[in-house]
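What follows is the residue order along each chain.
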Amino acid sequence: MKKSLVALAVLAASGAAMAQSSVTLFGIVDAAYGVGKGSISNKTQLKNSGYNSSRLGFRGTEDLGGGLKANFHLEAGVNNDDGTGSASSALNQAQTAANVGTQGLTFNRRSVVSLSGSMGELILGRDYTPQFWSETVYDAFGTNGVGTYIGAFKGGTTGVRSSNGIGWKSPSVGGVALWAQSWMGENASTAAKVGNGNGFRITFDQGKFSAAYADSSLTTGAGTTNKTSNLGASYDLGVAKLMAQSNTTKLTGAADIKGRNLGALVPMAGGTFRVSQAQTDQAGKIAKQTSVGFVNPLSKRTDLYATYARVSNSGGSAVALNGASTAANASSTGYEFGVKHSF
């Protein structure tokens, strides 16, 4: 059960203001025993975030009246298997020893302040990028664990989140909504605009059907970019939720990366059976992935889960799972068993 706390700073305010302002502490602790096997080397590890990403966060809102609200969200990734923090990239650029972020608690997942109302929500800070959101919501494994879609995270340093961003989420009109975002590398005017970029996502949600198109572009160097786009959809049949997506990443000076993913969530035996079939192709280097898993809820906040995945490589591809290493054109397998608890 989420714990609602009254912010300490509000204690000096009026009783009416206290009733309109609140802070919530929340989090997820997820740990799994994971094994990866390849033709070159295998790896066994205790890992985190096999089902949902481990995190610790604070969020709050204040009713400003007239339908307008002020909001904040501070969320840190937690490597609960060894106690370190999670890595971050403050300028949307390659990480260095100075900004890795594993020295302790850093709000590397989401760190924003926003204003929301009838015209939508204006968001300032570090946030998810629009194209990643489609990758995760149309993936049966939610881009977590060994079953994660191998075509995800191809957007470089902003493949999941961007720092120094300004975003706007429109209200839904007839099921159609727009999410637009721009982010900065905060370079000097005389330097290359490394870390600058923008993205958008157009969604259509109507009943059990959902679809989205997303696109983003990131400056990776002087005259070089990473451009990613995807199209995804899902439909809930009741007996199963079906989902599909296709992705294209265009890199300056390199062949395009094309991927696709088909998946399903099937309620059964008191839990959820998960399955996906995915593929990536870069200039004939092809990796095909099959993933299956089951989530068994022990309560509303605690789940047991198990996942198995296999990748077959061809054309020179050498994708491996769960930290294993495999030779070109060889296969790799991985599995994990874990516990997730949310609060």
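Going by the structure above, here's the rest.
Residues numbered from 1 in each chain as written. Predicted model: local features only at pLDDT ≥ 70, side-chain atom pairs only at ≥ 80, totals over all residues. Heavy atoms only, no water.

Student: Looking at this model, I keep getting lost on the overall build of the chain. Mind explaining?
Tutor: Of the regular secondary structure elements, the chain holds two helices and 19 strands. Taken over the C-alpha trace, the chain has a radius of gyration of 21 Å; the compact-globule value for 343 residues is 20 Å, and the two agree within 12%. Taking all 343 residues of the chain together, 42% fall into the buried category. In the chain, of all internal contacts separated by at least 6 residues, the share reaching a separation of at least 24 is 53%. Counting every atom, the chain has about 16100 Å² of accessible surface; 61% of that belongs to carbon and sulfur. In the chain, 29 positive and 18 negative side-chain charges are present, and the distance between their average locations comes to 4 Å. (Helix = DSSP H or I, 4+ residues; strand = E, 2+ residues; numbered from the N terminus. Rg over C-alpha atoms; globule rule 2.2 N^0.38 Å. Buried < 20%, exposed > 50% of the residue type's maximum accessible area, 1.4 Å probe, protein only. Contact = heavy atoms within 4.5 Å. Areas by Shrake-Rupley, 256 points an atom, 1.4 Å probe, with all protein chains shown as cover. Lys, Arg positive; Asp, Glu negative; His and termini not counted. Charge placed at Lys NZ, Arg CZ, Asp CG, Glu CD.)

Student: Explain the pattern of salt bridges to me, please; I cannot follow it from the model alone.
Tutor: Any two side chains of opposite charge can pair if their charged atoms end up close together. In the structure shown here, the tally under the stated rule is six salt bridges. Note that Glu-75 is salt-bridged to Arg-55, the shortest N-O span being 3.6 Å. Of this pair, Glu-75 sits in strand E5 (residues 68-79) while Arg-55 sits in strand E4 (residues 55-65), and the two are 20 residues apart along the sequence. Judged by its relative accessible area of 5%, Glu-75 is buried. With its nearest N and O atoms 3.0 Å apart, the salt bridge here joins Lys-250 to Asp-256. Given a relative accessible area of 43%, Lys-250 falls into the partly exposed group. Here Asp-256 falls in the partly exposed class, since its relative accessible area comes to 27%. One connected set of salt bridges, linked through shared partners, spans Arg-55, Glu-75 and Arg-109. (Salt bridge = Lys/Arg side-chain N within 4 Å of Asp/Glu carboxyl O.)

Student: Looking at this structure, I do not really get unusual backbone geometry. What am I missing?
Tutor: For residues that are not glycine, phi is negative in most cases, and the peptide bond is trans in most cases. The backbone of Phe-153 shows a phi angle near 65°, a positive value even though the residue is not glycine. Relative to the elements of secondary structure, Phe-153 occurs in the loop between helix H2 (130-137) and strand E9 (161-169). With relative accessibility at 39%, the residue Phe-153 sits in the partly exposed group. Phi angles above zero are rare outside glycine, and Glu-186 is one such case at about 55°. Looking at the secondary structure, you find Glu-186 in the loop between strand E10 (176-183) and strand E11 (197-206). Residue classification places Glu-186 among the exposed positions, given a relative accessible area of 52%.

Student: Explain the nonpolar core to me, please; I cannot follow it from the model alone.
Tutor: Proteins that are soluble and globular tend to have nonpolar side chains buried together. Counting nine residues, the largest nonpolar core consists of Val-146, Tyr-149, Ile-150, Ala-152, Ala-278, Ala-287, Ala-309, Val-311 and Leu-321. When neighbours within four sequence positions are excluded, Val-311 is seen to be in contact with Ile-150, Ala-287, Lys-288, Gln-289, Val-319, Leu-321, Ser-331 and Ser-332. (Core = buried A, V, L, I, M, F, W, Y, C linked by side-chain atoms within 4.5 Å.)

Student: How do you make sense of the packing of aromatic side chains when you look at a structure like this?
Tutor: Each aromatic ring pair is characterised by the separation of its centres together with the angle its planes make. Within the structure shown, the criterion is met by seven aromatic pairs. Aromatic side chains Phe-132 and Phe-153 sit 6.0 Å apart centroid to centroid with 20° between the ring planes, which places their arrangement in the stacked category. Taken together, the residues span a long stretch of sequence, with Phe-132 in helix H2 and Phe-153 in the loop between H2 and E9 at a distance of 21 residues. A centroid spacing of 6.1 Å and a plane angle of 50° characterise the contact between Phe-200 and Tyr-213, whose relative ring orientation is tilted. Of this pair, Phe-200 sits in strand E11 while Tyr-213 sits in strand E12 (residues 209-221), and the two are 13 residues apart along the sequence. We classify Phe-200 as partly exposed; its relative accessible area is 29%. Owing to a relative accessible area of 35%, Tyr-213 belongs among the partly exposed residues under this scheme. Put simply, the rings of Tyr-128, Phe-132, Trp-133 and Phe-153 touch in pairs and so form one group of aromatic residues. Positioned above the aromatic ring of Trp-179 is the side chain of Lys-169, whose terminal nitrogen or guanidinium carbon lies 4.4 Å from the ring centre. (Phe/Tyr/Trp six-rings, centres within 6.5 Å; stacked < 30°, edge-to-face > 60°. Lys NZ or Arg CZ within 6 Å of the ring centre and 35° of its normal.)

Student: Help me understand the environment of Gly-38 in this model?
Tutor: Note that Gly-38 resides in the loop between strand E2 (21-37) and strand E3 (43-48). Taking the C-alpha atoms as reference points, Gly-38 and Val-319, separated by 281 residues in sequence, lie 9.3 Å from one another. Not counting residues up to four positions away in its chain, the partners in contact with Gly-38 are Ala-324, Ser-325, Thr-326, Ser-331 and Ser-332.

Student: Would you take a moment to explain the side chain of Thr-249 for this structure?
Tutor: By the secondary structure assignment, Thr-249 is in strand E14 (residues 241-251). Under the relative-accessibility criterion, Thr-249 is labelled buried at 4%. For Thr-249, the contacting residues outside a window of four places in its chain are Lys-154, Asn-226, Lys-227, Thr-228, Asp-256 and Ile-257.

It is worth stressing that arrangement in space is one thing and function is another; only the former is reported here.
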